[in-house]
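Structural characterization, general
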Amino acid sequence: MRALGLFVVVFPMFSLPCLADSAGKAEPLADCAALIASIPDVTTTQDTVIEDIDGGCRATNLSWSQNSYVQYRADEIILLSPDLLRTLPTGELFVAADLTLKGVRAVPQTNSPLQDYIISLSSTGIDLHLAYTTDPAERTGTVDFELDAGRLGRLALSGKLSDLDTTDVRLSDLTKVTGRLDHLEASLEDAGLVANIFAPPILSTLPFDQDPRPAIAAAQEATVAKLASWPETTMTPESLAALSALIRAFPKPEGSWTVTVDSDPGISLQTLYGGTRSAFAAALEGTQITATGKPTSKLSSGK
């Protein structure tokens, strides 16, 4: 579950349930040290540095735990947002925010200080960046996400939104944000990233006492068939071939891939949150998908 854990790392800094649900307790935080202290289960050491910087906060050498089995560590965390120390305790959604985490590691806890230390030496440090902006007057927004795992590869996502309404939305319930996704761009440079980070939590949902390869192949072909059934205007044969190759290469899609989605008049966020099949089918009518790439390795789905 390491991949899911790494994303859990990001959200406490934006949502902070202990603050997001504290309506009426809107006293501004005194400084960045108070902000770090307000985050549950965060541990500091003698090497930790917490400082107020222009536009936000910076901290180094932090760790935190979601359970007793895994500890997350970060070499550096930077959180930037307008009027951060006042806005965060109110539970209001930031107008804009920029979160950078460098050297994030998920380290299993073995109850042996020696083994924990040895594991920490061999774990791969990951850099994460998540940022968004909103323009309430224009009702637009942008979202950018990047995961850089060094030699394993890089994943980047960016999106543009319109008809965006964040009125009365609290950090504890971001699904109440309404709007339309006009543009989404994804790029993947894979040299083991998917196999090491994203595949394990997906594969762990399969029966533990069965060979997973038949189930993987069946799911791949079902997904490819579904894509092929979409309207021809949705994507060119070349893009369908590239997207199909990406899916069939799982869990080792080593290579360079890009996927771009453009929609007019835009895909409703409510549809993306969990809309009906008919709503999703209607959204496809105005959507164009462009995909490029091919695997550099012959290895795929355990073949």
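Owing to the predicted nature of the structure, the values given are computational and were not obtained by experimental measurement.

Side note on the packing of helix H7 (residues 213-228) against helix H8 (residues 237-249)
In contact at an axis separation of 9 Å, H7 and H8 are set at 165° when each is read in the N-to-C sense. It follows that H7 is roughly antiparallel to H8 by the angle criterion. Read as a crossing pair, H7 and H8 show a hand that is right-handed. Every residue of H8 that contacts H7 at Gln-220, Glu-221, Thr-223, Val-224, Leu-227 and Ala-228 is listed here: Leu-240, Leu-243, Ser-244, Ile-247, Arg-248 and Ala-249.

With respect to the confidence of the model for the chain
Counting all residues, the mean pLDDT for the chain is 87, and 89% of those residues have values of 70 or more. Contacts for the low-pLDDT stretch residues 1-9, under 50 throughout, to residues beyond four places or in other chains number 23 contacts. Long-range and interchain partners of residues 299-303, a stretch whose pLDDT sits below 50, account for 15 contacts in this model, where long-range means more than four residues apart.

Notes on unusual backbone geometry
Residue Pro-251 follows Phe-250 across a cis peptide bond; omega there is 10°. We note that Asp-41 has phi near 70°; this positive angle belongs to a residue other than glycine. In this fold, Asp-41 is placed in the loop between helix H3 (32-37) and strand E1 (42-43). On the accessibility criterion, Asp-41 (54% relative accessible area) is exposed. The phi torsion at Asp-83 lies on the positive side, around 55°, for a residue other than glycine. Tracing the backbone through its elements, the reader meets Asp-83 in the loop between strand E4 (70-80) and helix H4 (84-87).

Re the pattern of salt bridges
This structure, assessed with the given rule, holds 10 salt bridges. Here Glu-51 ties to Arg-58 by a salt bridge, and the two come within 2.7 Å at their closest N and O atoms. A relative accessible area of 30% places Glu-51 in the partly exposed class. The residue Lys-102 makes a salt bridge to Glu-76 at a minimum N-O spacing of 3.8 Å. Of this pair, Lys-102 sits in strand E5 (residues 96-108) while Glu-76 is found in strand E4, placing the two residues 26 residues apart along the sequence. Exposure remark for Glu-76: the relative accessible area of 14% places this residue in the buried category.

Here's the deal with the state of the cysteines
Applying the stated criterion to the full structure yields 1 disulfide. Between Cys-32 and Cys-57 runs a disulfide, and the two sulfur atoms are separated by 1.9 Å. Residues Cys-32 and Cys-57 share a disulfide whose torsion about the S-S bond is about -80°; that sign makes it left-handed. With Cys-32 in helix H3 and Cys-57 in strand E3 (residues 56-65), the pair connects residues that are 25 residues apart, well separated along the chain.

Quick notes on the nonpolar core
With 46 residues, the main nonpolar core has Leu-35, Leu-147 and Leu-193 as its most contacted residues. Of all the secondary-structure elements, those providing two or more residues to this core are H3, E3, E4, E5, strand E6 (126-135), strand E7 (140-148), strand E8 (153-165) and helix H6 (193-203). Dropping the residues within four chain positions of it, Leu-193 is found in contact with Leu-147, Ala-149, Leu-152, Gly-153, Arg-154, Leu-155, Leu-188 and Phe-198.

Criteria and thresholds
- Residues numbered from 1 in each chain as written.
- Predicted model: local features only at pLDDT ≥ 70, side-chain atom pairs only at ≥ 80, totals over all residues.
- Heavy atoms only, no water.
- Axes fitted to C-alpha atoms, helices over the stretch in contact; angles between N-to-C directions.
- Helix = DSSP H or I, 4+ residues; strand = E, 2+ residues; numbered from the N terminus.
- Parallel < 35°, antiparallel > 145°, perpendicular 65-115°, else oblique.
- Left-handed = near helix turned anticlockwise from the far one by under 90°.
- Contact = heavy atoms within 4.5 Å.
- pLDDT = per-residue confidence, 0-100.
- Buried < 20%, exposed > 50% of the residue type's maximum accessible area, 1.4 Å probe, protein only.
- Salt bridge = Lys/Arg side-chain N within 4 Å of Asp/Glu carboxyl O.
- Disulfide = S-S within 2.5 Å.
- Core = buried A, V, L, I, M, F, W, Y, C linked by side-chain atoms within 4.5 Å.

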